[in-house]
Amino acid sequence: VEGGSAASVEANYQRAYVLSQSSDDSAKKVNVLRGLGNVFFLKGEVGKSRELAQRQLSIALAEDNRDLAMGGYRSVGMCSFFTGDFSAALADLQRANEIYDPASHGMQKFSQGTDPAVIGLSMTAWVHWFLGDGAAARDNIHQALAHGDAIQHPFSQAYAHGLAASMFQFCREPDATRQHAEAAIALARQNDYPYWFGWAKVMQGWAMAALGDGEEGLAILQDGLKIYQGTGALQITPYIQTLLAEIYGWSGQPELGIAAVEAAHGQGNKTDVTFYEAEALRIHGQLLQQSSTGDGSVFFQQALDLAVSQRAPVLQLRAAMDLFTAAAAVTGHGNLEAARSVLETIFAQFHSVGQEPDLVEAKRLLDRTD
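Parameters and conventions
Residues numbered from 1 in each chain as written. Predicted model: local features only at pLDDT ≥ 70, side-chain atom pairs only at ≥ 80, totals over all residues. Heavy atoms only, no water. Helix = DSSP H or I, 4+ residues; strand = E, 2+ residues; numbered from the N terminus. Rg over C-alpha atoms; globule rule 2.2 N^0.38 Å. Buried < 20%, exposed > 50% of the residue type's maximum accessible area, 1.4 Å probe, protein only. 1 Å grid on protein atoms, 1.4 Å probe; cavity = no way out; pocket = protein on both sides within 12 Å on 5 of 7 lines; lining within 4 Å. Points joined across faces, edges and corners; volume = space filled by probe spheres on them. Nonpolar A, V, L, I, M, F, W, Y, C, P; charged D, E, K, R; others polar. Salt bridge = Lys/Arg side-chain N within 4 Å of Asp/Glu carboxyl O. Expected span 1.5 Å × (residues − 1). Phe/Tyr/Trp six-rings, centres within 6.5 Å; stacked < 30°, edge-to-face > 60°. Contact = heavy atoms within 4.5 Å. Core = buried A, V, L, I, M, F, W, Y, C linked by side-chain atoms within 4.5 Å. Axes fitted to C-alpha atoms, helices over the stretch in contact; angles between N-to-C directions. Parallel < 35°, antiparallel > 145°, perpendicular 65-115°, else oblique. Left-handed = near helix turned anticlockwise from the far one by under 90°.

Peer 1: Would you mind showing me how to read the overall build of the protein here?
Peer 2: Each helix and strand in the protein was counted, giving 20 helices and zero strands. Over its C-alpha atoms the protein spans a radius of gyration of 21 Å, differing by no more than 12% from the 21 Å that the globule rule assigns to 370 residues. Projecting the C-alpha coordinates of the protein onto the three principal axes gives extents of approximately 70 × 40 × 40 Å. Looking at the protein residue by residue over its 370 residues, the buried ones come to 55%.

Peer 1: Would you explain empty space enclosed by the protein in this entry?
Peer 2: For the structure shown, the criterion picks out one cavity of 30 Å³ or more. If you add up the space inside the largest cavity, you get close to 50 Å³. Forming the walls of the largest cavity are Pro238, Tyr239, Thr242, Ala264, Asn269, Val273, Thr274, Phe275, Tyr276, Glu277 and Ala280. Taken together, the elements giving at least two residues each to the lining of the largest cavity come down to helix H14 (237-250) and helix H16 (277-290). Classifying every residue of the lining of the largest cavity by side-chain character gives seven nonpolar, three polar and one charged.

Peer 1: For this particular structure, what's the right way to read the pattern of salt bridges?
Peer 2: A side chain of one charge can pair with a side chain of the opposite charge when the charged atoms of the two come close. Under the criterion given, the structure shown has 16 salt bridges. Note that Glu356 is salt-bridged to Arg138, the shortest N-O span being 3.1 Å. Residue Glu356 is located in the loop between helix H19 (336-347) and helix H20 (357-367), and its partner Arg138 is located in helix H9 (residues 134-151); the two are separated by 218 residues in the primary sequence. Since its relative accessible area comes to 24%, Glu356 is described here as partly exposed. The network of salt bridges with shared partners includes Arg172, Glu279, Arg282, Arg318, Asp322 and Asp358.

Peer 1: Looking at this structure, how should I read H14?
Peer 2: Because an α-helix completes one turn every 3.6 residues, residues spaced three or four positions apart along the sequence face the same direction. When the terminal C-alpha atoms of H14 are compared, their 20 Å separation across 14 residues agrees well with the 20 Å that a helix rising 1.5 Å per residue should span. Most of H14 is tucked away, with 13 of its 14 residues classed as buried. Just past H14, the residue Gly252 takes up positive phi, approximately 75°.

Peer 1: So what exactly am I meant to see when it comes to the packing of aromatic side chains here?
Peer 2: Think of a pair of aromatic rings as described by two things: how far the centres are apart, and how the planes are tilted against each other in angle. Under the defined criterion, the tally for this structure stands at 30 aromatic pairs. Considering the side-chain rings of Trp129 and Phe170, the 5.6 Å spacing of their centres and the 35° angle between planes classify their relative orientation as tilted. A residue pair is termed long-range when its members are at least 10 positions apart, and Trp129 in helix H8 (residues 116-130) and Phe170 in helix H10 (residues 154-170) qualify at 41 residues.

Peer 1: In this structure, what is going on with the side chain of Ser20? I would like to understand it.
Peer 2: The topology assignment puts Ser20 in helix H1 (residues 7-20). Not counting chain neighbours up to four residues away, the residues in contact with Ser20 comprise Lys29 and Val32.

Peer 1: Would you mind going over unusual backbone geometry with me for this structure?
Peer 2: Here the phi dihedral of Arg172 falls at roughly 65°; this positive angle occurs in a residue that is not glycine. Positionally, Arg172 belongs in the loop between H10 and helix H11 (174-191). The exposure class of Arg172 is partly exposed, given its relative accessible area of 29%. Phi angles above zero are rare outside glycine, and Asp192 is one such case at about 60°. On the secondary structure map, Asp192 appears in the loop between H11 and helix H12 (194-210). Judged by relative accessible area, Asp192 falls into the exposed class, the value being 52%.

Peer 1: Can you walk me through the environment of Phe324 in this structure?
Peer 2: Locating Phe324 in the fold gives a position in helix H18 (residues 313-328). For Phe324, a relative accessible area of 4% corresponds to the buried category. Along the chain, Phe324 and Phe300 lie 24 residues apart, while their C-alpha atoms are 9.7 Å from each other. Setting aside chain neighbours within four positions, we find Phe324 in contact with Leu336, Ala339, Arg340, Leu343 and Leu365.

Peer 1: It is not clear to me how the nonpolar core should be interpreted in this structure. Could you clarify?
Peer 2: In a soluble, globular protein the nonpolar side chains are often hidden away together inside. Core analysis: the biggest nonpolar cluster contains 100 residues, and Phe81, Phe82, Met123, Trp126 and Phe275 have the highest contact counts within it. Not counting the four nearest positions on each side in its chain, Met123 is found in contact with Met78, Phe81, Phe82, Leu93, Tyr159 and Leu163. If you look at the next biggest cluster of nonpolar residues, it comprises 15 residues, including Leu68, Met70, Tyr73 and Val76.

Peer 1: Where do I start with the layout of surface pockets in this structure?
Peer 2: Over the atoms, a rolled probe matching the size of one water molecule traces out where space is still vacant. Space inside the second largest pocket adds up to approximately 340 Å³. Within the residue set of the lining of the second largest pocket, elements represented by two or more residues are H9, H18 and H20. Of the residues assigned to the lining of the second largest pocket, the class counts are eight nonpolar, five polar and four charged.

Peer 1: How should the packing of helix H13 (residues 214-230) against H14 be read in this particular structure?
Peer 2: As a packed pair, H13 and H14 sit with axes 10 Å apart at the nearest point and diverge in direction by 165°. The angle between the axes of H13 and H14 places the two elements in the roughly antiparallel class. Seen along the crossing, H13 lies across H14 with a hand that is left-handed. Side by side, H13 and H14 meet where Gly214, Leu218, Leu221, Gln222, Leu225, Tyr228 and Gln229 of the first sit next to Thr237, Ile240, Leu243, Leu244, Ile247 and Tyr248 of the second. Taken together, the residues that form the contact of H13 with H14 break down as nine nonpolar, four polar and no charged.

Peer 1: Can you help me understand the packing of H10 against H11 in this one?
Peer 2: Any two packed helices are characterised by how steeply their axes cross, that is the angle between the axes, and by the distance between the axes. Taken N-terminus to C-terminus, the directions of H10 and H11 make an angle of 155°; their axes are 8 Å apart at the nearest point. The angle between H10 and H11 places the two elements in the roughly antiparallel class. Every pair of crossing elements has a handedness; the one defined by H10 and H11 is left-handed. Residues Pro154, Gln157, Ala158, His161, Gly162, Ala164, Ala165, Phe168 and Gln169 of H10 form the contact with H11, whose participating residues are Ala176, Thr177, His180, Ala181, Ala183, Ala184, Leu187 and Asn191.

Structural data, given as structure tokens:
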């Protein structure tokens, strides 16, 4: 009703944690660790959440309890994702998905609020996208949506559509982003889920701006951010601030965009969440170019270096395209061929271009002869 990171939720879990210390019931202890870890997770305190998630998993593995291990693997994997360790995230999320059995675990949607398969499949879709496997990402997100519809559990359906909206935002597909955002908004409004209402309005606002209605899109995104943070959540705030900065750039207000994106990475980021930091750095560079206060190359290179360390091919490709474009804009720039070589190397990682916007754009740049 209030959101998973509301002060009243944390207070109850903190009290439950104290009580659980005198219990010999492992399931109760793990459930408290999961719930309290989720509070910190949604507040963007991923380090604290990871510590509790690892304790969940240790208890489960020590007792050879697969049911409890499923949640432990999922929690650890999600913490890895939000701190940008995508490969580790995939391994743990896939372990959790393999354990899931609808007959055994279907009731968890009532005891824990969201169906485990919807969470696991949706998050695995995100991870696949960041690791460069768009086909697997789409397959997983459609499985999550289908499962949510099959079990007819509104909160799980809102979760699936909310994460689907974000995944298609990653893909730069505003029509699909808007479709899933509006589905999540309808569920959240009908059932009074403020967390998903705020999240989905953010995605709806970005999609509207991307489709050309910058003024209304900006207003909707800002309203969504206010609602989202009103639940006590900060987890995706750096991501949202990056989207806000991007819209300011589209709207011809780069100075406001720079202020927004400076809060999304580096010392400006008050959370442990870094999964979208390479994009924040890259967009910062674009805004500097737009405001004529720099060519952005330093930020593009930082974005590329971070994306390489995260093994995130699409984010590498975007940063490399911006480096190439920046080099091409400078007459006699000695780094142009080096920038082209980097872009060609990254582009070669992808097996087919298809209709993926980033790949189409990269091919267009590389095909230029001027």
